[in-house]
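Chains, contacts and geometry: an overview
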Amino acid sequence: MTEAILLVGGKGTRLRPLTVHTPKPMVPAAGVPFLTHQLARARAAGVDHIVLATSYLAEVFEPHFGDGSALGLHLEYVTEKEPLGTGGAIRNVAERLRSGPDEPVLIFNGDILTGLDIRALVGTHQSTGADVSLHLTKVTDPRAYGLVPTDDTGRVLAFLEKPQTPEEIVTDQINAGAYVFRRSVIDTIPAGRPVSVERETFPGLLDAGAHLQGMVDSTYWLDLGTPAAFVRGSADLVMGRAPSPAVPGRRGDRLILPTARVAPDAKLTGGTVVGEGAFVAEGARVCGSTILPGAVIEPDAVVTDSLIGSRARVGERSVITGAVVGDGAVVGADNELRDGVRVWCDARIPAGAVRFSSDQ
């Protein structure tokens with residue numbers, strides 16, 4: 001296998017305000033744009049030609065990655081004029097593929113962090129003679145996902161919408177967002193209109209008698225669609241729980257980019273990343289968090305499981321837990337921001353303005 005399609009056109013609305021100025025795949029995770037990890041893993045699996053299906057803030061990708069030669073890849077970019085959904089995006093880039101009709105094309109989503117054995121998925125596809133093969137993963141609580149039951153050979157039996165009752169939970173296997181298509185199958189997707197592979201293409205192929213094969217691989221899988229998940233994924237990359245050849249430094253409790261500054265008595269733990277040009281001042285404690293380039297954490301601030309945007313500032317003694325501070329925002333001294341809070345880009349929170357506990 002030598003080529004792949006990478007779907008990176010989504011708006012990343014669940015990640016806002018991180019995605020106000022930056023498309024989701026370009027938000028830094030473990031010190032580099034998340035997309036870098038996906039490209040590097042694909043290259044390590046033997047892929048050398050990747051077509052990026054772009055849409056939202058499409059102009060950001062090519063200036064950063066160019067033709068892909070720095071990563072040992074050949075990259076091409078196709079931009080949707082109107083959002084086409086997952087299936088429509090795949091069909092929209094088909095003319096850039098080089099594979100023959102029966103050759104495999106890898107397809108993966110730009111917001112999934114996974115330890116998937118890509119070669120094994122392709123091997124399963126080829127050995128079973130499938131039309132489409134799907135990476136499946138097992139989850140403890142499948143209620144939030146579409147279910148994909150298979151027979152004892154791994155052949156897909158159905159695609160079931162999110163279960164509403166315990167009786168509807170017939171499997172713990174879900175669609176994990178990576179596929180191998182027989183090249184000719186891509187051409188059967190309708191062109192020029194929105195198409196969902198999950199809701200239209202896959203069920204339609206199944207109804208038509210096509211062979212859809214599932215391969216369960218539950219080594220590591222995380223949908224980075226929410227801020228909490230994105231921060232956790234970045235920390236897992238830093239600590240080596242999630243595999244990637246693109247982490248720019250040694251695995252461990254923290255990752256400090258070259259031009260970042262950290263005071264000697266500041267404490268960084270839990271896979272924290274301090275980006276280029278950022279500064280963590282004396283007495284600050286940062287755990288399991290991502291500090292993006294140019295951000296400032298002032299003295300004695302405490303930041304836990306949070307993401308601090310580019311050029312943002314967290315004031316002295318402020319406590320940030322499970323929150324997102326957007327690019328350029330300023331959180332004044334002595335504030336307390338808790339789980340789920342999102343401070344928008346360039347917002348200003350005065351000193352002592354927000355608390356979740358007593359001022360004592």
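Residues numbered from 1 in each chain as written. Predicted model: local features only at pLDDT ≥ 70, side-chain atom pairs only at ≥ 80, totals over all residues. Heavy atoms only, no water.

Examining the pairing of strand S6 (residues 104-109)
- Counted residue by residue, S6 has six buried out of six residues, so it is predominantly covered.
- Pairing of strand S1 (residues 3-7) with S6, which is carried by four bridges, proceeds in the parallel orientation. Bridge pairing in S6 links Ala4 to Leu106.
- Both S6 and strand S9 (residues 173-182) contribute to a ladder of five bridges, which runs antiparallel. Note that in S9 the partner of Pro104 across the bridge is Arg182. (Buried < 20%, exposed > 50% of the residue type's maximum accessible area, 1.4 Å probe, protein only. Helix = DSSP H or I, 4+ residues; strand = E, 2+ residues; numbered from the N terminus. Pairing = 2+ DSSP bridges.)

A look at the sheet that holds strand S23 (residues 319-321)
- The parallel open sheet is built from five strands, whose spatial order is S14-S17-S20-S23-S26. Two strands close off the open sheet at either side, each with one partner strand: strand S14 (267-269) and strand S26 (336-337).

Remarks on the nonpolar core
- Counting 30 residues, the largest nonpolar core has Ile5, Ile107, Leu134, Phe181, Ile186, Phe202 and Leu212 as the members making the most contacts within it.
- Elements with a minimum of two residues in this core: S1, strand S4 (49-54), helix H3 (85-92), S6, strand S8 (132-138), S9, helix H5 (183-186) and helix H6 (197-207).
- Considering each element in turn, this core owes the most residues, four residues, to H6.
- Beyond its immediate stretch of four places on either side in the chain, Ile5 contacts Val51, Ile90, Val93, Leu97, Val105, Leu106, Ile107, Phe108 and Ile186. (Core = buried A, V, L, I, M, F, W, Y, C linked by side-chain atoms within 4.5 Å. Contact = heavy atoms within 4.5 Å.)

Observations concerning helix H4 (residues 118-128)
- Every buried residue of H4 is accounted for by Ile118, Leu121, Val122, Thr124 and His125. Along H4, the residues classed as buried sweep out an arc of 155° about the axis, all on the same side. Opposite the packed face of H4, turned more than 90 degrees from it, sit the exposed residues Arg119 and Ser127.
- Considering only its buried residues, H4 is in contact with helix H1 (34-44), S6, S8, S9 and strand S10 (212-216).
- A side-chain oxygen of the first residue of H4 lies 3.3 Å from the backbone nitrogen of Arg119; this N-cap is Asp117.
- Of the residues one or two after H4, Gly129 is the one with positive phi, at around 70°. (Arc of directions from axis to C-beta. Polar contact = N/O pair within 3.5 Å; in protein donor to acceptor, adjacent residues only side chain to side chain.)

Observations regarding the packing of aromatic side chains
- Scanning the entire structure with this criterion turns up six aromatic pairs.
- For the ring pair Phe34 and Phe230, a centre distance of 6.5 Å and an interplane angle of 65° mean the geometry is edge-to-face. Separated by 196 residues along the polypeptide, Phe34 in helix H1 and Phe230 in helix H7 (residues 227-239) bring together distant segments of the chain. Of the two residues, Phe34 and Phe230, neither departs from the other in class, the shared state being buried.
- An angle of 35° between the planes, with centres 6.0 Å apart, marks the rings of Phe181 and Phe202 as tilted. Placement of the pair is Phe181 in strand S9 and Phe202 in helix H6, with a sequence separation of 21 residues.
- Look at Phe181 and you get buried, because its relative accessible area is 0%. (Phe/Tyr/Trp six-rings, centres within 6.5 Å; stacked < 30°, edge-to-face > 60°.)

Side note on H3
- Residues Gly87, Gly88, Ala89 and Ile90 constitute the buried set of H3.
- On its buried face, H3 sits against S1, S4, S6, H5 and H6.

Quick look at the environment of Val32
- Here Val32 lies in strand S3 (residues 32-33).
- Given a relative accessible area of 15%, Val32 falls into the buried group.
- With 238 residues separating them in the primary sequence, Val32 and Gly270 have C-alpha atoms 18 Å apart.
- Sequence-distant contacts of Val32, defined by excluding residues within four places in its chain, comprise Val27, His37, Ala246 and Pro248.

Observations concerning the sheet that holds S1
- Judged by pairing direction, the sheet is mixed, and its seven strands sit side by side in the order S5-S4-S1-S6-S9-S8-S10 without closing on themselves. The open sheet is flanked by strand S5 (74-79) and S10, the only strands paired with a single partner. Here the strands of the sheet are splayed against their neighbours by 25° on average, with no regard to which way each runs.
- Two elements, S4 and S5, share six bridges in a ladder whose sense is parallel. Along S5, the bridge assignment pairs Val51 with Glu76. (Axes fitted to C-alpha atoms, helices over the stretch in contact; angles between N-to-C directions.)

Some thoughts on unusual backbone geometry
- Residue Pro17 follows Arg16 across a cis peptide bond; omega there is 10°.
- With respect to the element layout, Pro17 can be found in the loop between S1 and strand S2 (28-29).
- One non-glycine residue, Asp300, lies in the positive phi region at around 65°.
- Mapped onto the fold, Asp300 is located in the loop between strand S19 (296-297) and strand S20 (302-304).

A look at the side chain of Thr137
- Position of Thr137 relative to the elements: it lies in strand S8.
- A polar atom in the side chain of Thr137 sits 3.2 Å from the side chain of Ser218.
- Setting aside residues up to four positions removed in sequence, Thr137 forms contacts with Asp172, Gln173, Ile174, Ala176, Asp217, Ser218 and Trp221.

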